[in-house]
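# Remarks on the overall topology
What follows is the residue order along each chain.
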Amino acid sequence: KRFYQSVSISQGEGGFEINLDHRKLKTPQAKLFTVPSEALAIAVATEWDSQKDTIKFYTMHLTTLCNTALDNPTQRNKKQLIRAAVKFLETDTVCYRVEEPPALAELQKNEWDPVVAWAEKRYNVTIGSSTSILGPNIPASTKDTFVSHLASYNMWALQGIEFVITQLKSLILSMSLIDRHITVEKAVLLSRLEEEYQIRRWGNVEWAHDYDLCELRARTAAGTLFVHLCSESSTVKHKLLQD
(Lines give C-alpha, C1' and ligand atoms only; values in the text may rest on other atoms or scores of the structure.)
Protein backbone atom coordinates (compact mmCIF):
# COMPACT_ATOMS: atom_id res chain seq x y z
CA LYS A 1 0.00 0.00 0.00
CA ARG A 2 1.06 3.60 -0.59
CA PHE A 3 2.18 4.85 2.84
CA TYR A 4 3.05 8.48 2.01
CA GLN A 5 1.12 11.59 0.97
CA SER A 6 3.76 13.83 -0.59
CA VAL A 7 7.03 13.35 -2.49
CA SER A 8 9.80 15.96 -2.56
CA ILE A 9 13.50 16.23 -3.29
CA SER A 10 16.25 17.92 -1.29
CA GLN A 11 19.97 18.43 -1.75
CA GLY A 12 22.23 16.61 0.69
CA GLU A 13 25.98 16.17 1.00
CA GLY A 14 26.18 13.27 -1.45
CA GLY A 15 23.73 14.61 -4.02
CA PHE A 16 19.95 14.83 -4.32
CA GLU A 17 17.66 12.86 -2.01
CA ILE A 18 14.02 11.75 -2.25
CA ASN A 19 11.64 12.43 0.63
CA LEU A 20 8.41 10.48 1.13
CA ASP A 21 6.59 12.80 3.56
CA HIS A 22 9.38 13.25 6.15
CA ARG A 23 11.11 9.93 5.51
CA LYS A 24 14.28 9.71 3.44
CA LEU A 25 14.08 7.06 0.71
CA LYS A 26 16.54 4.18 1.21
CA THR A 27 17.89 1.50 -1.16
CA PRO A 28 17.18 -2.24 -0.68
CA GLN A 29 20.54 -2.42 1.15
CA ALA A 30 19.39 0.41 3.45
CA LYS A 31 21.74 3.03 1.98
CA LEU A 32 20.51 6.60 1.67
CA PHE A 33 18.96 6.98 -1.79
CA THR A 34 21.10 9.75 -3.32
CA VAL A 35 21.35 10.59 -7.02
CA PRO A 36 23.95 12.73 -8.83
CA SER A 37 21.64 15.14 -10.68
CA GLU A 38 18.57 17.19 -9.80
CA ALA A 39 16.86 16.19 -13.06
CA LEU A 40 17.23 12.48 -12.19
CA ALA A 41 15.91 13.15 -8.67
CA ILE A 42 12.83 14.87 -10.14
CA ALA A 43 12.26 11.94 -12.53
CA VAL A 44 12.50 9.41 -9.66
CA ALA A 45 10.23 11.54 -7.45
CA THR A 46 7.70 11.58 -10.30
CA GLU A 47 7.71 7.76 -10.35
CA TRP A 48 6.89 7.66 -6.63
CA ASP A 49 4.31 10.42 -6.92
CA SER A 50 2.58 8.59 -9.81
CA GLN A 51 1.85 5.52 -7.66
CA LYS A 52 -1.82 5.12 -6.73
CA ASP A 53 -3.15 3.09 -3.77
CA THR A 54 -0.67 0.26 -4.32
CA ILE A 55 3.03 0.79 -5.02
CA LYS A 56 3.94 -1.10 -8.20
CA PHE A 57 7.70 -1.43 -8.10
CA TYR A 58 7.81 -3.13 -11.51
CA THR A 59 6.71 0.17 -13.11
CA MET A 60 9.50 2.17 -11.44
CA HIS A 61 12.40 1.57 -13.80
CA LEU A 62 14.39 4.70 -12.89
CA THR A 63 14.16 3.89 -9.18
CA THR A 64 15.34 0.34 -9.89
CA LEU A 65 18.29 1.60 -11.95
CA CYS A 66 19.29 4.02 -9.19
CA ASN A 67 19.11 1.21 -6.61
CA THR A 68 21.36 -0.92 -8.83
CA ALA A 69 23.87 1.92 -9.23
CA LEU A 70 23.90 2.66 -5.47
CA ASP A 71 23.94 -0.91 -4.13
CA ASN A 72 25.87 -2.51 -7.02
CA PRO A 73 24.48 -5.95 -6.02
CA THR A 74 26.75 -7.82 -8.47
CA GLN A 75 29.80 -5.92 -7.13
CA ARG A 76 31.18 -5.16 -10.59
CA ASN A 77 33.70 -2.43 -11.31
CA LYS A 78 33.76 -0.12 -14.35
CA LYS A 79 35.97 -2.41 -16.42
CA GLN A 80 33.66 -5.40 -15.83
CA LEU A 81 30.57 -3.38 -16.78
CA ILE A 82 32.21 -2.26 -20.03
CA ARG A 83 33.34 -5.81 -20.82
CA ALA A 84 29.80 -7.13 -20.30
CA ALA A 85 28.36 -4.46 -22.62
CA VAL A 86 30.90 -5.03 -25.41
CA LYS A 87 30.40 -8.81 -25.18
CA PHE A 88 26.91 -8.26 -26.64
CA LEU A 89 28.58 -7.39 -29.98
CA GLU A 90 29.32 -11.10 -30.48
CA THR A 91 25.59 -11.92 -30.40
CA ASP A 92 24.19 -8.57 -31.54
CA THR A 93 20.63 -8.86 -32.90
CA VAL A 94 21.32 -6.74 -36.00
CA CYS A 95 24.39 -8.80 -36.97
CA TYR A 96 22.56 -12.14 -37.17
CA ARG A 97 20.77 -12.55 -40.50
CA VAL A 98 18.54 -15.22 -42.04
CA GLU A 99 18.65 -16.55 -45.59
CA GLU A 100 15.10 -17.92 -45.52
CA PRO A 101 12.39 -16.77 -45.96
CA PRO A 102 13.59 -14.26 -48.58
CA ALA A 103 11.04 -11.64 -47.47
CA LEU A 104 12.46 -11.59 -43.91
CA ALA A 105 16.05 -11.57 -45.23
CA GLU A 106 15.14 -8.53 -47.37
CA LEU A 107 13.45 -6.82 -44.41
CA GLN A 108 16.53 -7.34 -42.22
CA LYS A 109 18.78 -5.95 -44.95
CA ASN A 110 16.61 -2.86 -45.54
CA GLU A 111 16.03 -2.07 -41.85
CA TRP A 112 19.27 -3.14 -40.15
CA ASP A 113 21.93 -2.29 -42.75
CA PRO A 114 21.48 1.51 -42.42
CA VAL A 115 21.94 1.31 -38.61
CA VAL A 116 25.06 -0.86 -38.95
CA ALA A 117 26.42 1.52 -41.62
CA TRP A 118 25.76 4.51 -39.34
CA ALA A 119 27.56 2.83 -36.41
CA GLU A 120 30.55 1.90 -38.60
CA LYS A 121 30.88 5.51 -39.75
CA ARG A 122 30.14 7.08 -36.33
CA TYR A 123 32.75 4.99 -34.48
CA ASN A 124 35.08 4.38 -37.45
CA VAL A 125 34.86 0.58 -37.07
CA THR A 126 34.03 -2.53 -39.07
CA ILE A 127 31.04 -4.53 -37.85
CA GLY A 128 29.41 -6.46 -40.71
CA SER A 129 26.78 -9.20 -40.49
CA SER A 130 26.51 -12.94 -41.04
CA THR A 131 23.98 -15.70 -41.78
CA SER A 132 26.20 -18.21 -39.97
CA ILE A 133 24.96 -19.56 -36.65
CA LEU A 134 28.38 -18.54 -35.27
CA GLY A 135 27.59 -14.93 -36.10
CA PRO A 136 29.91 -12.32 -37.61
CA ASN A 137 33.62 -12.20 -36.88
CA ILE A 138 33.91 -8.86 -35.08
CA PRO A 139 37.48 -7.48 -35.34
CA ALA A 140 39.35 -6.93 -32.07
CA SER A 141 39.92 -3.28 -33.08
CA THR A 142 36.14 -2.75 -33.20
CA LYS A 143 35.75 -4.12 -29.67
CA ASP A 144 38.64 -1.95 -28.46
CA THR A 145 36.99 1.15 -29.94
CA PHE A 146 33.71 0.44 -28.14
CA VAL A 147 35.61 -0.24 -24.90
CA SER A 148 37.29 3.19 -25.21
CA HIS A 149 33.99 4.91 -26.04
CA LEU A 150 32.13 3.31 -23.12
CA ALA A 151 34.98 4.23 -20.77
CA SER A 152 34.03 7.89 -21.32
CA TYR A 153 30.77 7.26 -19.40
CA ASN A 154 30.55 7.25 -15.60
CA MET A 155 29.51 4.17 -13.57
CA TRP A 156 25.89 5.29 -13.27
CA ALA A 157 25.50 5.83 -17.01
CA LEU A 158 27.14 2.45 -17.71
CA GLN A 159 24.52 0.71 -15.55
CA GLY A 160 21.87 2.36 -17.75
CA ILE A 161 23.65 1.45 -20.98
CA GLU A 162 23.88 -2.21 -19.96
CA PHE A 163 20.17 -2.14 -19.03
CA VAL A 164 19.23 -0.79 -22.50
CA ILE A 165 21.48 -3.33 -24.23
CA THR A 166 19.81 -6.14 -22.26
CA GLN A 167 16.37 -4.94 -23.42
CA LEU A 168 17.29 -4.61 -27.11
CA LYS A 169 19.82 -7.51 -27.20
CA SER A 170 22.00 -5.18 -29.22
CA LEU A 171 24.93 -2.88 -28.46
CA ILE A 172 24.56 -1.25 -31.90
CA LEU A 173 20.87 -0.36 -31.49
CA SER A 174 21.53 0.83 -27.93
CA MET A 175 24.34 3.18 -28.91
CA SER A 176 22.31 4.45 -31.90
CA LEU A 177 19.50 5.25 -29.46
CA ILE A 178 21.70 6.81 -26.76
CA ASP A 179 23.47 8.89 -29.43
CA ARG A 180 20.00 10.11 -30.52
CA HIS A 181 20.34 8.64 -34.01
CA ILE A 182 17.09 6.64 -33.68
CA THR A 183 14.02 6.93 -31.41
CA VAL A 184 12.94 4.50 -28.69
CA GLU A 185 10.05 3.31 -30.89
CA LYS A 186 12.39 2.66 -33.81
CA ALA A 187 15.00 0.89 -31.65
CA VAL A 188 12.35 -1.41 -30.14
CA LEU A 189 10.84 -2.15 -33.56
CA LEU A 190 14.27 -3.01 -35.00
CA SER A 191 15.06 -5.27 -32.04
CA ARG A 192 11.82 -7.21 -32.65
CA LEU A 193 11.98 -7.29 -36.45
CA GLU A 194 11.58 -11.05 -36.84
CA GLU A 195 8.74 -11.17 -34.32
CA GLU A 196 6.94 -8.29 -36.03
CA TYR A 197 7.39 -10.03 -39.40
CA GLN A 198 5.85 -13.26 -38.03
CA ILE A 199 2.95 -11.32 -36.49
CA ARG A 200 2.22 -9.57 -39.78
CA ARG A 201 2.23 -12.93 -41.49
CA TRP A 202 0.38 -15.10 -38.97
CA GLY A 203 -1.43 -12.65 -36.69
CA ASN A 204 -0.96 -12.36 -32.95
CA VAL A 205 -2.52 -12.62 -29.52
CA GLU A 206 -3.33 -8.92 -29.52
CA TRP A 207 -3.28 -8.03 -25.82
CA ALA A 208 -0.12 -10.06 -25.15
CA HIS A 209 1.75 -8.47 -28.05
CA ASP A 210 0.66 -4.95 -27.09
CA TYR A 211 1.62 -5.48 -23.45
CA ASP A 212 5.09 -6.84 -24.36
CA LEU A 213 5.66 -3.97 -26.77
CA CYS A 214 4.62 -1.29 -24.25
CA GLU A 215 6.73 -2.88 -21.51
CA LEU A 216 9.81 -3.05 -23.73
CA ARG A 217 9.34 0.55 -24.83
CA ALA A 218 8.93 1.70 -21.22
CA ARG A 219 12.08 -0.10 -20.04
CA THR A 220 14.11 1.06 -23.04
CA ALA A 221 12.94 4.67 -22.67
CA ALA A 222 13.69 4.66 -18.93
CA GLY A 223 17.18 3.23 -19.49
CA THR A 224 17.95 5.82 -22.18
CA LEU A 225 16.66 8.70 -20.03
CA PHE A 226 18.71 7.38 -17.11
CA VAL A 227 21.91 7.40 -19.22
CA HIS A 228 21.27 10.97 -20.40
CA LEU A 229 20.43 12.28 -16.93
CA CYS A 230 23.49 10.60 -15.40
CA SER A 231 25.82 11.79 -18.17
CA GLU A 232 24.67 15.40 -18.20
CA SER A 233 25.56 16.17 -14.58
CA SER A 234 29.15 14.96 -14.99
CA THR A 235 29.47 16.86 -18.28
CA VAL A 236 28.20 20.05 -16.65
CA LYS A 237 30.56 19.57 -13.69
CA HIS A 238 33.46 18.97 -16.08
CA LYS A 239 32.65 22.16 -18.02
CA LEU A 240 32.37 24.17 -14.80
CA LEU A 241 35.76 22.88 -13.68
CA GLN A 242 37.26 23.84 -17.06
CA ASP A 243 35.77 27.35 -16.83
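The name an unreviewed UniProt entry assigns to the protein is ATP synthase mitochondrial F1 complex assembly factor 2, from the organism Catharus ustulatus. Listed under Subcellular location (unreviewed entry) in UniProt, the entry text for the protein is "Mitochondrion inner membrane". Per UniProt, the comment on the protein under Sequence similarities (unreviewed entry) is "Belongs to the ATP12 family."

It is the contact of helix H1 (residues 38-49) with helix H2 (residues 61-71), at a shortest axis distance of 8 Å, that shows an interaxial angle of 125°. Classified by the angle between their axes, H1 and H2 sit oblique to one another. Touching Leu40, Ala43, Val44, Glu47 and Trp48 of H1 are His61, Leu62, Thr63 and Cys66, all from H2. Grouping the amino acids of the contact of H1 with H2 by side-chain chemistry returns 6 nonpolar, 2 polar and 1 charged.

What follows is about unusual backbone geometry. For the peptide bond that leads from glutamate 100 to proline 101, omega is -10°, which places it in the cis range. Secondary-structure assignment places proline 101 in the loop between helix H3 (78-87) and helix H4 (102-123). The backbone phi angle of aspartate 21 is positive, close to 55°, even though this residue is not glycine. You can see aspartate 21 is positioned in the loop between strand S2 (16-20) and strand S3 (23-24). Overall, the relative accessible area of 25% leaves aspartate 21 in the partly exposed class. Positioned with a positive phi, arginine 180 is a non-glycine residue whose angle comes to about 65°. Residue classification places arginine 180 among the exposed residues on the basis of a relative accessible area of 59%.

The subject of this paragraph is the state of the cysteines. In total, this model carries 0 disulfides according to the counting rule given. Cysteine 230 supplies the cysteine sulfur nearest to cysteine 66, a cysteine that is in no disulfide, at a spacing of 6.4 Å. Accessibility expressed as a relative area gives 0% for cysteine 66, which makes it buried.

Conventions used here
Residues numbered from 1 in each chain as written. Predicted model: local features only at pLDDT ≥ 70, side-chain atom pairs only at ≥ 80, totals over all residues. Heavy atoms only, no water. UniProt positions renumbered as here; feature names shortened; annotations may be inferred. Axes fitted to C-alpha atoms, helices over the stretch in contact; angles between N-to-C directions. Helix = DSSP H or I, 4+ residues; strand = E, 2+ residues; numbered from the N terminus. Parallel < 35°, antiparallel > 145°, perpendicular 65-115°, else oblique. Contact = heavy atoms within 4.5 Å. Nonpolar A, V, L, I, M, F, W, Y, C, P; charged D, E, K, R; others polar. Buried < 20%, exposed > 50% of the residue type's maximum accessible area, 1.4 Å probe, protein only. Disulfide = S-S within 2.5 Å.

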